[in-house]
Each structure stands twice: as C-alpha cells, then as structure tokens.
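# Architecture at a glance
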Amino acid sequence: MIEPRHAVSTRARQMPMPPIRAIFEAASRMDDVVRLEVGEPDFGPPAWLREAHIDALRRDSSHYTSFSGLMALREAIAEKLERENAVRRDPTTEVLVTAGATGALYQALQATVDPGDEVLLPSPGWPQYIASTQLAGGVPIFYPLHASEGFTPRVEDIARLITPRTRVLLLNSPGNPTGGVIDRARLEALAALACEHDLLVLSDEVYEHIRFDGHSHTSPASLPGMAERTITIHSASKTFAVTGWRIGFAAGPAAHIAPMTKIGLSTCTHPSTPAQMACVTAYRRSAEGDIAGMVATLRQRRDFLCDSLAAMPGIRCARPAGAFYVFANVEGTGLGSEAFSWHLLRAAGVATVPGVGFGPGGEGYVRLSFAASMGELERGVERIHRALTSLSVD
Ligand code: PLP
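The notes below deal with the structure included here.

Calculation rules
- Here the residue numbering is sequential within each chain, running from 1 through the sequence in written order.
- A pLDDT threshold of at least 70 governs which residues receive local features in this predicted model, and a stricter bar of 80 or more applies before side-chain atom pairs are shown or counted, although totals over entire chains, interfaces and linings include all residues.
- Hydrogens are left out, water is left out, and the side-chain values use all remaining heavy atoms of the structure.
- Two strands qualify as a pair provided that DSSP identifies no fewer than 2 bridges between them.
- Numbered from the N terminus, helices here are DSSP runs of H or I no shorter than four residues, and strands are runs of E no shorter than two.
- Cavities and pockets are found on a 1 Å grid laid over the protein atoms alone: a cavity is a set of points where a 1.4 Å probe fits but cannot escape, a pocket is an open set with protein on both sides within 12 Å along at least five of seven lines, and a lining residue has an atom within 4 Å of such a point.
- Grid points are joined across faces, edges and corners, and a volume is the space filled by probe spheres set on the points.
- Following the grouping adopted for this structure description, the nonpolar residues are Ala, Val, Leu, Ile, Met, Phe, Trp, Tyr, Cys and Pro, the charged ones are Asp, Glu, Lys and Arg, and the polar ones are all others, Gly among them.
- In these notes, a set of buried Ala, Val, Leu, Ile, Met, Phe, Trp, Tyr and Cys residues joined through side-chain atoms within 4.5 Å is what counts as a nonpolar core.
- Type-normalised accessible area, obtained with a 1.4 Å probe on protein chains alone, sets the label of each residue: buried when under 20%, exposed when over 50%, and partly exposed for intermediate values.
- A single heavy atom is enough: if one lies within 4 Å of a molecule or strand, its residue is considered near that molecule or strand.
- Two N or O atoms count as a polar contact when they lie within 3.5 Å, although within protein this holds only if one can serve as hydrogen donor and the other as acceptor, and sequence-adjacent residues are included solely when both atoms are side-chain atoms.
- In short, Shrake-Rupley with a 1.4 Å probe defines the accessible areas, and a residue's cover is counted only from the protein chains shown.
- Whether a molecule lies in a cavity or pocket depends on its atoms, and more than half of them have to be within 2 Å of the grid points.
- Any carboxyl oxygen of Asp or Glu that lies within 4 Å of a side-chain nitrogen of Lys or Arg is treated as forming a salt bridge with it.

For the rest of this paragraph, the subject is the sheet that holds strand S10 (residues 325-329). By way of backbone hydrogen bonds, the strands of a sheet pair with one another, either parallel or antiparallel. Strand order in the open sheet formed by 3 strands is S10-S13-S12, and the pairing between neighbours is antiparallel. The sheet terminates laterally at S10 and strand S12 (353-354), the two strands that pair on one side only. Bridge count between S12 and strand S13 (residues 365-369): 2 bridges; the pairing is antiparallel. Across the sheet, residue Val353 finds its bridge partner in S13, namely Arg367.

Turning our attention to empty space enclosed by the protein. Under the defined criterion, the tally for this structure stands at 5 cavities of 30 Å³ or more. Here the largest cavity is characterised by a volume of approximately 70 Å³. Along the walls of the largest cavity sit 14 residues, with Pro122, Leu145, Phe151, Asn172 and Gly175 positioned nearest its centre. Listed by contribution, the elements that provide at least two residues to the lining of the largest cavity are strand S4 (139-146) and strand S5 (152-153). When its residues are assigned to classes, the lining of the largest cavity shows 7 nonpolar, 7 polar and no charged.

All right, on to the nonpolar core then. In this structure, Leu202 and Leu309 are the most contacted members of the largest nonpolar core, which totals 57 residues. Ala221, Trp245, Ala278 and Ala287 belong to the second-largest nonpolar core, a separate cluster that totals 24 residues.

Around the ligand sit 14 residues, and of these Ala101, Thr102, Asp204, Ser235 and Arg246 come closest. Separating an oxygen atom of the ligand from a side-chain N or O atom of Asn176 is a distance of 2.7 Å. Within the complex, 92% of the 400 Å² of free accessible area of the ligand lies under protein. Judged by the proximity of its atoms to the pocket grid, the ligand belongs to the largest pocket. Residue assignment for the shell around the ligand shows that the elements contributing at least two residues are helix H5 (100-112) and helix H9 (236-239). The element contributing the most residues to the shell around the ligand is H5, with 3 residues. Partitioning the shell around the ligand into residue classes produces 5 nonpolar, 6 polar and 3 charged.

Turning next to the layout of surface pockets. Empty space among the atoms can be located by rolling a probe the size of a water molecule over them. Of the pockets and cavities examined, the largest pocket occupies roughly 1000 Å³. Of all the secondary-structure elements, those providing two or more residues to the lining of the largest pocket are helix H2 (19-29), H5, helix H6 (127-135) and H9. The element that contributes the greatest number of residues to the lining of the largest pocket is H6, accounting for 5 residues. Its residues assigned to classes, the lining of the largest pocket comprises 21 nonpolar, 10 polar and 6 charged. The computed volume of the second largest pocket comes to approximately 300 Å³. Surrounding the second largest pocket, 22 residues form its lining, Glu149, Gly150, Gly180, Val181 and Ala321 being those nearest its centre. Sorting elements by how many residues they give to the lining of the second largest pocket places S10 first, with 3 residues. Taken together, the residues of the lining of the second largest pocket sort by class into 10 nonpolar, 7 polar and 5 charged.

The buried fraction of strand S6 (residues 166-172) amounts to 6 of the 7 residues, a majority that puts the element mostly inside the structure. Sheet topology places strand S3 (residues 118-123) next to S6; 3 bridges connect them, and they run parallel. Paired with Leu120 across the bridge in S6 is Leu169. Here S6 pairs with strand S7 (residues 200-204) via 5 bridges, running parallel. Paired with Leu170 across the two strands is Leu202, which belongs to S7.

Where charged atoms from two side chains of opposite charge come close, those side chains can pair. Taken as a whole and assessed by the stated rule, the structure comprises 25 salt bridges. Between Arg83 and Glu84 there is a salt bridge, and its shortest N-O distance comes to 3.7 Å. Judged by its relative accessible area of 23%, Glu84 is partly exposed. Linked by salt bridges that have partners in common, Asp213, Arg299, Arg302, Asp303, Asp307 and Arg319 make up one network.

From the geometry alone we can't say anything about function, so treat these as descriptive.
This is the structure in structure tokens:
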C-alpha cells in the first residue's frame with residue numbers, strides 16, 4: 001500500500017510513537033491481562049465531587065465559558081495556590097484552565113519556545129515533554145535523574161547543560177515514571193540556577209498530593225525570585241481521580257498566561273463546562289484531607305509491589321517517594337527494557353511500560369503502576385515471578 005504522504009505532515013510523521021502505546025494496544029487485544037501500564041487510579045472521584053458534576057449537568061452548563069476558564073474556577077484555583085502552595089496569582093490574568101496538564105504543557109511550550117530553543121527535560125521523564133517540546137520546534141536536552149538519590153536531579157548536571165540557546169527548565173516533582181520527589185533545599189539551588197541564567201521554569205506538579213513517608217512538596221514558584229519566571233502546571237486528574245474530565249490549569253506571570261490563552265483558542269478553547277463547574281468545589285476544599293485515604297491505600301500497594309519485586313531474581317527497585325509508579329531496574333534479567341516488557345506481556349499477560357519510552361535515562365528499567373487494585377497487583381506479581389522463572393534468571 002502506498003503511504004498517503006501528501007496528506008500527512010512531516011511534523012506528524014516525525015513524532016515518535018511512545019512505547020506505552022504499542023504495549024497498551026497489544027494488551028487491549030489480549031484476554032486476561034493484568035494492566036499495570038496505565039497511569040490511572042482505579043478509584044473513582046470522591047462522592048461529593050461526582051455529585052457536584054451531576055449537579056452541574058442539571059444546571060445551565062452547556063455553554064462556552066471564558067477562554068481562560070470559568071471565573072469561579074480560576075478564583076478557587078487562586079485560593080488553592082495560596083493555601084496549599086504558597087503561590088499568589090491573580091485569577092483574572094495569571095490563571096488559565098486547560099484540557100488537563102497535557103494541554104497546559106502544550107500551550108506553555110508553544111507560547112514560550114522558538115525553533116531551535118533548548119528545553120531541559122528530566123530523563124527518565126514523562127514522554128509528552130519530549131513530544132510537546134519538538135512540536136514547538138524546541139530541542140530536548142536531557143538532564144539525568146539519579147537512582148541513587150531517589151531519582152532527583154543534580155544542580156551541577158543541569159548547570160553543565162546550559163547554553164545561550166537554553167530557554168526552559170522543566171521540573172517534575174513528584175515525578176513520572178520514577179516517583180522521585182525533589183526536596184526544598186535542592187529546589188532552592190535549582191531556583192538560584194534558573195535566576196542566574198534567566199531561565200523560564202515549567203513546573204509540573206500533577207502528583208503534588210501523592211507523596212509517602214513524610215516527603216513534603218514545594219512549589220518552585222513560591223521560592224524567592226521565582227514567581228516571575230515560573231509557570232506552574234497542576235491537574236485534577238490524579239488528585240481527584242478524574243482523568244477523563246480533562247481539567248488542568250497553568251498559573252504564571254500574565255505575560256506568559258496571555259499568549260498561552262491565545263494558543264488555547266486553536267486547540268481546545270477550554271475544557272468541558274460541567275467538569276469545570278464541579279471542580280470549583282474541589283479546589284475550594286483541602287485536597288490533603290480529602291485524599292488521605294487514597295494516599296494511604298496507594299502506600300500499602302507501593303510497599304506490596306516493591307517488596308515483592310525486590311525479592312525476585314534480576315530485579316532491583318527502591319520505594320518511590322511519590323506518584324504511583326515503581327521504576328524497577330531489570331538489568332539483572334539480561335534483557336533490555338523493551339524486550340523485558342514484551343516478555344512479561346507475552347509470557348505472563350502483564351502489561352508494563354519499557355523504560356526507554358521515558359528518554360535515554362530509562363533503559364534498563366520498566367515502569368509498573370500501583371494505581372491498579374491490590375487484587376490485580378497480587379495477580380501481576382505472581383505472573384511476573386513465573387515469567388522470570390521461565391527466563392531462568394539466577
Ligand atoms: N504530567 C505528568 C507527569 C503525568 O504523568 C501526566 C499523566 O500521566 C500528566 C502530566 C497529564 O495529566 P492530565 O491528565 O492532567 O493531562
């Protein structure tokens with residue numbers, strides 16, 4: 001068959017297909033697969049939030065909102081930022097409601113990066129950082145996360161990578177796929193570096209509330225000198241288990257939020273009105289209290305999965321400080337990350353994501369999500385054990 005090149009842009013053709021996609025599609029075609037590849041909580045939203053959504057559908061909610069998002073939601077978000085993140089933003093000009101954090105990231109990079117500009121990205125890191133940087137014409141430059149330091153970045157590594165073309169430093173804490181949490185002291189040092197080199201910081205904080213073992217969360221925008229150079233990206237997806245509602249937001253200087261809003265007009269305009277209305281209630285409440293039960297359950301699942309994997313031959317893994325992924329080192333099995341993931345899928349019916357999908361720093365690892373139920377994790381662990389036996393790893 002001749003490829004319809006005339007109908008497909010170079011941009012689209014050159015976009016890499018993330019390895020999660022191939023695994024996801026293969027797993028969807030198979031029966032009886034334990035799905036540990038997707039980053040999606042098995043919990044539903046809290047009952048009060050579901051009710052707020054239903055209530056919004058009963059009210060007059062079928063119209064466009066402001067292009068920046070519902071004013072009441074932006075006000076609730078500004079309150080949340082001040083209460084939980086020590087960040088002050090004007091809801092009129094400095095907050096933009098987006099189609100998830102994905103939309104915020106895309107709009108932020110489109111609004112701030114010129115072709116050839118370099119964007120510093122964590123490696124391993126969430127694959128959309130690479131794709132969205134490239135779609136903006138930017139050049140991804142990877143800084144390593146160190147497994148021995150809880151998958152956090154070193155300031156000196158990042159400093160070495162800065163050139164006259166460096167425009168953006170992207171931070172993600174707690175991080176996907178590693179669960180690494182950057183502590184306040186290190187963030188302060190990174191903030192000083194950003195100020196010294198006049199970098200814009202994009203801070204992806206979608207897992208801000210999913211932390212374990214007393215790790216705390218610091219928003220870079222709250223640090224001295226950072227408010228004017230930081231775009232903070234949050235999402236309701238993980239915090240309130242509403243991935244399908246597509247509610248996220250960006251908060252930053254008006255000079256950045258205005259062009260991001262303009263870019264949004266050519267993408268999704270704004271997310272669904274009923275979902276925005278429901279989230280007004282969500283951001284007025286204290287998320288920490290509301291989701292404490294979910295975080296406690298996730299911690300139990302994390303401990304079970306890590307302890308089980310660590311006891312298996314050829315696998316090493318540390319307990320992640322946040323998010324809901326274990327990034328397990330599988331080098332001891334003798335297989336590369338892609339071969340290992342496909343072996344688990346084909347031989348044992350367990351779907352995971354090969355680490356190579358998260359940038360060059362991901363080789364040798366696979367990502368397993370513990371947002372799946374305990375029953376699924378137990379089934380998965382037993383099957384992984386069997387698959388390793390068939391590899392005869394000692
Ligand atoms: N940022 C990170 C680090 C993620 O892991 C994800 C989703 O997996 C997102 C952003 C996207 O979240 P949203 O559903 O809000 O688009």
